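Read off the chains here:
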Amino acid sequence: MSGRITMMGCQIDNLSMEETLQTVEGFIQSGKPHQHVVVNVDKLVKAERDAELRRIINECALINVDGMPVVWASRLLGKPLKERVAGVDLFEALMRRSAAKGWRVYLLGAREEVVSEVKRLYEIKYPGLVVAGYRNGYWSEAEEPGVVADIAAARADLLFVAISSPKKEHFLGQYQDQMKIPFAMGVGGTFDVAVGRVKRAPVWMQKSGLEWFYRFLQEPRRMFRRYFIEDMAFFRLFLKEALRR
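Reference entry: report on the structure contained in this document. (Residues numbered from 1 in each chain as written. Predicted model: local features only at pLDDT ≥ 70, side-chain atom pairs only at ≥ 80, totals over all residues. Heavy atoms only, no water.)

1. Here we look at the layout of surface pockets
Thinking step 1. Here the second largest pocket is characterised by a volume of approximately 200 Å³.
Thinking step 2. What lines the second largest pocket is simply Pro33, His34, Gln35, Arg55, Ile56, Glu59, Cys60, Ala61, Leu172, Gly173, Gln176 and Asp177.
Thinking step 3. Here the lining of the second largest pocket gets four residues from one element, more than from any other, and that element is helix α8 (residues 167–179).
Thinking step 4. Its residues assigned to classes, the lining of the second largest pocket shows five nonpolar, four polar and three charged. (1 Å grid on protein atoms, 1.4 Å probe; cavity = no way out; pocket = protein on both sides within 12 Å on 5 of 7 lines; lining within 4 Å. Points joined across faces, edges and corners; volume = space filled by probe spheres on them. Helix = DSSP H or I, 4+ residues; strand = E, 2+ residues; numbered from the N terminus. Nonpolar A, V, L, I, M, F, W, Y, C, P; charged D, E, K, R; others polar.)

Pasting the structure below:
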């Protein structure tokens with residue numbers, strides 16, 4: 001694996017998409033539990049305020065950058081990352097590869113009608129795909145041990161967790177050793193994109209770093225605070241790191 005860089009308190013693996021896929025394959029072959037996380041502007045801001053989240057991120061076996069602003073910042077700081085490895089693209093590539101290699105997948109998160117539709121659509125899209133189990137992302141604290149036990153019993157090779165940050169990072173950080181999934185990945189809102197409930201930005205917007213703005217246009221009330229208030233702290237973090245150079 002290529003060397004890690006550290007940006008704004010978080011470590012990031014400097015890997016391309018293909019290098020990431022090869023790394024995941026190695027994890028699955030090992031049979032040992034590994035946690036994955038993606039780092040974007042919002043995650044860096046949250047990690048600065050949440051020491052436990054930052055610890056979980058930095059202890060993950062694989063950390064990708066998902067966000068062109070972070071890639072650009074890495075170049076300006078003299079720590080150039082190879083490319084953005086978007087979580088939604090990695091999910092798609094891993095579902096395709098799972099069908100080809102016989103890997104068992106578990107889908108966790110989103111609403112019941114969404115996660116069941118992801119299962120249905122991808123079993124059609126990639127014949128041979130084995131969905132070892134699936135469950136919606138809504139459970140009480142009392143139900144959580146049962147959720148963990150069900151996932152462990154499914155004996156999946158890959159676990160995709162479609163719940164919000166930082167809840168998904170904390171969930172995986174707490175239970176990965178019990179679930180014993182060779183590769184566990186938080187995928188946020190990817191299930192909604194996969195079934196067409198949320199449209200993904202055009203490719204030109206993805207490449208120009210405007211995917212966040214496209215998302216804002218679709219859900220302005222929900223996303224305004226995140227993008228225009230909370231995530232503005234990213235500029236302060238960048239300046240702070242730039243002044244250290």
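2. Some words on a nonpolar patch on the surface
Thinking step 1. On the surface, Trp212, Phe213, Leu217, Phe224, Phe228 and Ile229 cluster together into a nonpolar patch covering about 530 Å² of accessible area.
Thinking step 2. At the level of secondary structure, the elements contributing two or more residues to the nonpolar patch comprise α11 (211–218) and α12 (220–228).
Thinking step 3. With three residues, α11 is the largest single contributor of residues to the nonpolar patch.
Thinking step 4. For Trp212, the location among the structural elements is in helix α11.
Thinking step 5. Look at Trp212 and you get partly exposed, because its relative accessible area is 31%. (Patch = residues over 30% accessible without salt bridge, like charges linked within 9 Å, V, L, I, M, F, W, Y side chains within 5 Å. Areas by Shrake-Rupley, 256 points an atom, 1.4 Å probe, with all protein chains shown as cover. Salt bridge = Lys/Arg side-chain N within 4 Å of Asp/Glu carboxyl O. Buried < 20%, exposed > 50% of the residue type's maximum accessible area, 1.4 Å probe, protein only.)

3. Section: the pattern of salt bridges
Thinking step 1. Applying the stated criterion across every chain yields a total of 26 salt bridges.
Thinking step 2. The partner of Asp231 in a salt bridge is Arg226, with the nearest N and O atoms 3.9 Å apart.
Thinking step 3. By relative accessible area, Asp231 is classed as buried at 6%.

4. A few points about the sheet that holds strand β8 (residues 183–186)
Thinking step 1. In space, the six strands of this open sheet follow the order β4-β3-β8-β7-β5-β6, with parallel pairing throughout. A single partner strand is all that each edge strand has here, and the edge strands are β4 (62–65) and β6 (130–135). When the angles between neighbouring strand axes are averaged without regard to direction, this sheet yields 20 degrees.
Thinking step 2. One ladder, built from five bridges, connects strand β5 (residues 104–109) with β6; its direction is parallel. Bridging from a neighbouring strand, Leu107 pairs with Tyr134 of β6.
Thinking step 3. Along the sheet face, helix α1 (residues 17–30) touches β4, β7 (158–162) and β8 and points at about 160 degrees away from the line of β4.
Thinking step 4. Its contacts with the sheet put helix α6 (residues 112–125) on β5 and β6, and the angle it makes with β6 is roughly 175 degrees. (Pairing = 2+ DSSP bridges. Axes fitted to C-alpha atoms, helices over the stretch in contact; angles between N-to-C directions. Contact = heavy atoms within 4.5 Å.)

Coordinates in, geometry out; function isn't part of it.
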